[in-house]
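# Structural overview
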Amino acid sequence: REFESEIRFYSGDDPLDVWDRYIKWTEQTFPQGGKESNLSAVLERAVKALNKQQRYYQDPRYLSLWLKFGNCCNEPLDLYSYLHSQEIGTTLAQLYITWAEELEARGSFKKADLIFQEGLNRRAEPLDKLQSHHRQFQTRVSRQTLLGLEEAADEKDTGLLETEEPQRSSLADLKGRGKKKVRAPISRVGDALKVTNQNRNFQTLTSQQLSSNPGFAVFDENSASAAGPEIPVLTQQRWTEPPAPRAKENELSAGPWNSGRRPRSSANSGIEMPCPLPSFTPYVEESAQQQVM
């Protein structure tokens, strides 16, 4: 509120000073930015309020406001082109450094170098700072170029090795080496292989094995179809008599209802009925002892 009040009722000769202090205070109070800081809106108000005052066009404070506003824009390159066309900060080295770094980050190394050359031709201040950044830029580009050339050379060498390496043959006849102890070579390439027609030998061996009498019967669908079908055919038979129906609850014959009553229990009659003896002898383990209550 204090800064807003000072900007509204400012009557001094340097309104840029108020905006500059306002921006710095916002950055220090809200270091993480975000909506609470409202930094982009304050920067936009500042550059618009001072846009018509050309005395600030080459002021580092005014250029700093523009560059910070460019970080909040979707396309900062358009903003840098606008500053260059309006002659805002064209004598300051910071404009060309920031512009070239943005182009370098996007991989446009030639355009970045042109921006550095433009600042050097204009003798932008401080000149030593601009020259230092230009040398660092050239070092980075040359290093990336060398790395790219080395990677390309490695890929080329790898491709040559892959093409020059002879193809190994599997299941091939090898020439024996040695007179007393004949040993097969380890490498299956070049002169170690015998010149034989492997495919023809393999086909001949396979046909001989198949033509020999195997130890099991092989099914032949042609002979099976000629012999006739072996699947049993169901023949229609007549029932001599229908099957006896099962007893169902709804088909029982009717009778008196009181015939199916249960006898009265002995508890109601008051007569104690002796318990019947079981028809089996319960098993008792001999080692078991009776519990003493």
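Preceding this paragraph is the structure being described.
To start, this report covers the structure provided alongside it. (Residues numbered from 1 in each chain as written. Predicted model: local features only at pLDDT ≥ 70, side-chain atom pairs only at ≥ 80, totals over all residues. Heavy atoms only, no water.)

## Thoughts on the overall build of the protein
Cut-off, in case you're wondering: Helix and strand definitions follow DSSP, with helices as H or I runs of at least four residues and strands as E runs of at least two, each counted in order from the N terminus. Here's how the labels work: a residue is buried when its accessible area is under 20% of the maximum for its type, exposed when over 50%, partly exposed in between, all with a 1.4 Å probe on protein chains only. By the convention used here, residues are in contact when the closest approach between their heavy atoms is within 4.5 Å. Note on areas: Shrake-Rupley with a 1.4 Å probe; residue coverage comes only from the protein chains shown.
Check the secondary structure of the protein and you find 11 helices and zero strands. If you list the helices and strands of the protein from N to C, you get α-α-α-α-α-α-α-α-α-α-α. Expressed as a percentage of the 293 residues in the protein, the buried residues total 20%. Put simply, of all contacts in the protein between residues at least 6 apart along the chain, 45% involve residues at least 24 apart. Counting only carbon and sulfur atoms, one obtains 52% of the accessible surface of the protein, whose full area is about 25100 Å².

## Digging into the environment of Tyr10
Here Tyr10 shows up in the loop between α1 (2–8) and α2 (15–29). Among all residues touching Tyr10, those that are not within four sequence positions of it are Pro15 and Val18.

## Describing the environment of Cys72
Looking at the element boundaries, Cys72 is found in the loop between α4 (60–71) and α5 (76–85). Residue Cys72 is classed as partly exposed on the basis of its relative accessible area, which comes to 40%. For the pair Cys72 and Leu39, spaced 33 residues apart in sequence, the C-alpha separation works out to 8.9 Å.

## Notes on the packing of aromatic side chains
As a reminder of what qualifies: Working definition: a ring pair exists when centres of Phe, Tyr or Trp rings (six-membered ring for Trp) sit within 6.5 Å. Plane angles under 30 degrees give stacked, over 60 give edge-to-face, the rest tilted.
Counting across every chain of the model gives nine aromatic pairs. With a centroid separation of 6.3 Å and 5 degrees between ring planes, the pair formed by Tyr57 and Tyr62 is classed as stacked. The two residues Tyr57 and Tyr62 agree in class, both being buried. Taken together, the ring pairs in this structure connect Tyr57, Tyr62, Trp66, Phe69 and Tyr82 into an aromatic cluster.

## Observations regarding the packing of helix α6 (residues 93–105) against helix α7 (residues 109–121)
Put simply, the test is: Each axis is a line fitted through C-alpha atoms, and for a helix only the stretch in contact is used; angles between axes span 0 to 180 degrees, taken between their N-to-C directions. Should an angle fall under 35 degrees it is taken as roughly parallel, and over 145 as roughly antiparallel, whereas 65 to 115 is taken as roughly perpendicular and any remaining angle as oblique.
Packing of α6 against α7 leaves a shortest axis separation of 8 Å and a crossing angle of 170 degrees. Taken together, the axes of α6 and α7 are roughly antiparallel relative to one another. Judged by residue contacts, Tyr96, Ile97, Trp99, Ala100, Leu103 and Glu104 of α6 engage Phe109, Lys111, Ala112, Ile115, Phe116, Glu118 and Gly119 from α7.

## Details of α4
For the record, the criterion: In this scheme, a helix's expected span is set at 1.5 Å multiplied by one less than its residue total. Nitrogen and oxygen atoms within 3.5 Å of one another constitute a polar contact, given that in protein one can donate a hydrogen and the other can accept it, and given that sequence-neighbouring residues count only through two side-chain atoms.
Between its first and last C-alpha atoms α4 spans 17 Å; for 12 residues at 1.5 Å apiece the expected length is 16 Å, and the two agree. All buried positions along α4 are accounted for by Tyr62, Leu63, Leu65, Trp66, Leu67, Phe69 and Gly70. Those residues of α4 that are buried are in contact with α2, α3 (39–49), α5 and α6. Put simply, Asp59 is the residue that caps the front of α4, since its side-chain oxygen is 2.9 Å from the backbone nitrogen of Arg61.

## A look at α7
The periodicity of an α-helix, 3.6 residues per turn, causes residues three or four positions apart to be oriented the same way. Put simply, the rule reads: As used here, the arc belongs to the directions running from the helix axis to the C-beta atoms.
Between the first and last C-alpha of α7 there are 18 Å, a value that for 13 residues agrees with the 18 Å anticipated at 1.5 Å per step. Listing the buried residues of α7 in full gives Ala112, Ile115, Phe116, Gly119 and Leu120. Seen along its axis, α7 keeps its buried residues to an arc of 140 degrees; they face one direction. Within α7, the exposed residues directed more than 90 degrees away from the buried face are Lys110, Lys111, Leu114 and Asn121. With its phi angle positive at about 55 degrees, Arg123 sits one or two positions after the end of α7.

## Here's the deal with unusual backbone geometry
The omega torsion of the bond from Glu125 to Pro126 falls at -10 degrees, within 30 degrees of zero and hence cis. Residue placement: Pro126 occurs in the loop between α7 and α8 (127–164). One non-glycine residue, Glu87, lies in positive phi territory at about 60 degrees. For Glu87, the location among the structural elements is in the loop between α5 and α6. Look at Glu87 and you get partly exposed, because its relative accessible area is 35%. Of note, the phi angle at Arg123 is positive, near 55 degrees, even though the residue is not glycine. By the secondary structure assignment, Arg123 is in the loop between α7 and α8. A residue is classified by how much of its surface remains accessible, and Arg123, at 52% relative accessible area, is exposed.

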